[in-house]
Amino acid sequence: MLQYDLRELARGPVETQAEVAADDVLFDGLGIALAGPVRVGGRLQATGEGRFYWHGSLRAVVAGECRRCLAPVAVPVESEIGALFAEDAEAQEDPDAYPLPPHATEVDLRPAVREELALLAPRYVECREDCRGLCPRCGKDLNAGPCGCEPAPDTRWQALADLKGKLRD
């Protein structure tokens, strides 16, 4: 699926295409709900002895609830990915490179896809920018209209209201 035989690169770059199911174990523990499969595509090529570069793209739809009104929301996410896979010790210390064992015969793009999705997916979503949320008293969705609850008094002004009453007396 996202694992490619490095011997194929002897003939030149390899086009990569995959669709990873939303419930794949690759995404376990990310805390992300996906509304559909993750589509991945790109090009894998050798860039030197024991070094391989993958330039790809990722497209997915993250499902969530609006953080203000709790309505279901689907957020499309898309990103370009550039990942270096290398056998040499110097690249293995690079936090942007993915290490390969010496004399590897296969490169696994899954860690790069998982990491990119974890960084890309929004933790909090809103149904729209001007979402009014829920009434804190009755729980009615304020996007559908006013709820009829009396506005809560702002206690920050209470000291001035008390002072106003004293000045009248």
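Residues numbered from 1 in each chain as written. Predicted model: local features only at pLDDT ≥ 70, side-chain atom pairs only at ≥ 80, totals over all residues. Heavy atoms only, no water.

1. What about unusual backbone geometry?
At step 1: A positive phi is found at leucine 70, a non-glycine position, where the angle reads about 70 degrees.
At step 2: By secondary structure assignment, the location of leucine 70 is in the loop between strand 5 (51-65) and strand 6 (72-86).
At step 3: Overall, leucine 70 belongs to the partly exposed group, its relative accessible area being 48%.
At step 4: Located in the positive-phi region is histidine 103, a residue other than glycine, with phi close to 60 degrees.
At step 5: The residue histidine 103 is located in the loop between strand 7 (97-99) and strand 8 (106-108) in this model.
At step 6: In this structure histidine 103 comes out as exposed when scored by relative accessible area, which is 73%. (Helix = DSSP H or I, 4+ residues; strand = E, 2+ residues; numbered from the N terminus. Buried < 20%, exposed > 50% of the residue type's maximum accessible area, 1.4 Å probe, protein only.)

2. Some words on the packing of aromatic side chains
At step 1: Applying the stated criterion to the full structure yields 1 aromatic pair.
At step 2: A cation over a ring is seen here: arginine 67 above tyrosine 124, with NZ or CZ 4.5 Å from the ring centre. (Phe/Tyr/Trp six-rings, centres within 6.5 Å; stacked < 30°, edge-to-face > 60°. Lys NZ or Arg CZ within 6 Å of the ring centre and 35° of its normal.)

3. Describing the environment of arginine 123
At step 1: Relative to the helices and strands, arginine 123 resides in the loop between helix 2 (110-120) and helix 3 (158-168).
At step 2: On a C-alpha basis, the gap between arginine 123 and isoleucine 32 in space is 7.9 Å, while along the polypeptide they are 91 residues apart.
At step 3: In this structure the side chain of arginine 123 is engaged in a polar contact, spanning 3.3 Å, whose partner is the backbone oxygen of leucine 30. (Polar contact = N/O pair within 3.5 Å; in protein donor to acceptor, adjacent residues only side chain to side chain.)

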